[in-house]
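# What the coordinates show
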Amino acid sequence: MFQVEIYGRVRRAVRVEGRSQRAVARDFGLSRETVRKMLQYAVPPGYQRQQPIKRPKLGPWLGVIDAILEDDKQRPAKQRHTAKRIFERLKEEHGFTGGYTIVKDYVRSAELHSREMFIPLTHAPGEAQADFGEALVVVAGVEQKAHYLAMDLPHSDDCFVAAFPAETTEAFLEGHVRAFAYFGAVPTRILYDNTKIAVAKILGGEERQKTRAFSELQSYYLFADKFGRPAKGNDKGKVEGLVGYARRNFMVPIPRVSSWEELNTRLEAESRKRRLRRLRGHTETIGERFERDHAAMLPLPAAPYEACEKIAGRVSSLSLVRYRSNDYSVPTEFGHRQVWVKGYVHQVVIACGSEVIARHERSYERETVVFDPMHYLALLEQKTRALDQAAPLAGWQLPECFRQLRRLLEARLKKHGSREYVQVLRLMETFALAEVTHAIEDALLLGTISFDAVRHLLLCRIERRPPRLDMENYPHLPMAQVRTTQAADYMSLLVEVYA
């Protein structure tokens with residue numbers, strides 16, 4: 001194809017300088033037909049093929065190639081045929097004698113024609129899209145993967161992002177509660193993919209059998225739902241774009257935080273900051289357009305939804321309840337009882353009837369045991385021989401005065417000393433560790449080594465009154481030796497005063 005410059009020089013020679021087409025063709029080394037075409041167009045018109053490409057060697061095998069490409073549409077993307085693999089199969093299975101280039105060109109052309117096309121969409125105010133994404137974060141010095149729920153309002157492009165240790169039911173629920181609180185309202189309809197957290201079964205078409213947890217959330221906030229086609233992420237392209245945007249802009253460089261709450265505070269601040277942006281093709285900022293979204297959304301309920309997974313469980317003979325492959329302790333008095341376990345993102349709460357009997361920090365490891373030593377003290381008071389081997393007490397860091405008190409109790413009271421030591425520990429069922437520690441230190445200072453003395457000193461400290469220890473009631477305690485005062489003692493004092 002000739003350059004535009006040649007076109008201009010040929011056209012000027014004929015149209016302006018008045019030279020003949022024959023002379024111009026001879027001077028420029030062109031055919032007269034080419035000169036005539038150049039006079040018809042100011043710029044090269046571009047080549048247009050009049051007839052389809054003829055592939056005499058490939059023609060008999062086009063049906064085979066089309067069948068392979070059609071079958072590939074049902075296969076995983078990473079296990080589909082490349083042009084090279086199709087060429088090898090044609091040679092091995094069909095005796096193809098042509099070259100690789102014609103196969104490659106045909107495959108490229110066929111794939112180009114099969115690419116999906118899309119229709120530009122408009123989004124009504126008040127609707128939302130939601131999806132999970134993943135990114136690396138450093139929380140309390142530990143590098144780990146964060147699973148963040150992203151919720152996008154397509155009309156205004158406003159967004160909310162919240163991160164969690166795992167993509168679980170309770171994270172899905174809490175993410176929605178946080179998002180609704182951030183927007184100050186509830187979207188009228190939310191578009192999802194077919195996550196197992198929300199969809200128990202795909203019934204065909206747009207029909208879905210929803211999970212109990214999702215149905216409860218939906219019933220509480222009253223939003224409508226819509227689910228995309230399986231394996232069609234472009235059905236919710238807005239939130240798909242938000243997932244990538246949040247990873248690139250909110251989490252680069254890798255966030256380093258002391259807690260998950262600090263991370264979510266940062267992410268919310270980034271979302272609020274984004275409301276000031278004015279996106280391409282809009283005259284209003286995201287925040288200004290969000291006002292229309294907010295006006296169309298549903299009002300928030302009076303109280304937020306309790307974002308947790310609820311399951312029934314039973315306390316084992318070791319006073320443990322299993323939740324998500326981990327065991328959590330409860331007070332031994334509830335052994336063998338039926339309980340209700342509530343799994344929050346960062347907490348596990350166990351209730352018996354209407355009474356909450358245990359709270360633990362949530363563990364995301366597997367097959368671990370989470371103890372609260374306080375749950376076993378009542379039983380240890382009866383079975384003091386297990387005190388040194390009690391797993392719940394292993395690693396329990398107490399001030400040094402506790403060990404000193406136990407040593408003195410056992411030295412003076414033998415086997416009964418262990419029971420009195422456990423009774424001292426049980427004071428922490430009612431009082432704070434610092435208060436009990438001060439009482440033990442006072443008892444050690446006064447040499448009053450007993451549970452009753454520690455309890456008396458603890459109550460006196462709290463009530464701000466002086467302690468009164470009646471030693472006659474505790475014959476095992478060391479008696480104070482006080483000599484009877486004599487008249488001569490007063491005389492010696494007077495001599496010292498007037499000396």
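Let me sum up the structure you'll find in this document. (Residues numbered from 1 in each chain as written. Predicted model: local features only at pLDDT ≥ 70, side-chain atom pairs only at ≥ 80, totals over all residues. Heavy atoms only, no water.)

## Side note on the sheet that holds strand 11 (residues 326-329)
A sheet is described by the order of its strands in space; here three strands give the open sequence 10-11-15, paired in mixed fashion. Looking at which strands have only one partner, the edges of the open sheet turn out to be strand 10 (320-323) and strand 15 (369-370). The pairing of strand 11 with strand 15 spans two bridges and is parallel. Each bridged residue has a counterpart across the sheet, and for Tyr 328 the counterpart in strand 15 is Val 370. (Pairing = 2+ DSSP bridges. Helix = DSSP H or I, 4+ residues; strand = E, 2+ residues; numbered from the N terminus.)

## Section: the sheet that holds strand 14 (residues 355-361)
Here four strands make up an open sheet; going across it, the order is 9-12-13-14 and the pairing antiparallel. Every interior strand has two partners, whereas the edge strands, strand 9 (309-314) and strand 14, have only one. Going across the sheet, the axis of each strand differs from the next one's by a mean of 25°, ignoring polarity. As defined by bridge partners, strand 12 (residues 338-343) adjoins strand 13 (residues 347-352) across four bridges and the pair is classed as antiparallel. Opposite Trp 340, over in strand 13, you have Ala 351 as the bridge partner. (Axes fitted to C-alpha atoms, helices over the stretch in contact; angles between N-to-C directions.)

## Quick look at helix 7 (residues 169-183)
Helix length check: helix 7 (15 residues) gives 21 Å between terminal C-alpha atoms against 21 Å at 1.5 Å per residue, within 8%. A positive phi of about 75° marks Gly 184, the residue just after helix 7. (Expected span 1.5 Å × (residues − 1).)

## A few points about the packing of helix 7 against helix 8 (residues 212-221)
As a packed pair, helix 7 and helix 8 sit with axes 10 Å apart at the nearest point and diverge in direction by 15°. On the basis of the axis angle, helix 7 is roughly parallel to helix 8. Seen from above, helix 7 lies across helix 8 with right-handed handedness. Across from Thr 169, Phe 172, Leu 173, His 176, Val 177 and Phe 180 in helix 7, the residues of helix 8 making contact are Ala 213, Phe 214, Leu 217 and Tyr 221. Across the contact of helix 7 with helix 8, the residue classes break down as eight nonpolar, two polar and no charged. (Parallel < 35°, antiparallel > 145°, perpendicular 65-115°, else oblique. Left-handed = near helix turned anticlockwise from the far one by under 90°. Contact = heavy atoms within 4.5 Å. Nonpolar A, V, L, I, M, F, W, Y, C, P; charged D, E, K, R; others polar.)

Shape descriptors only; they carry no functional weight alone.
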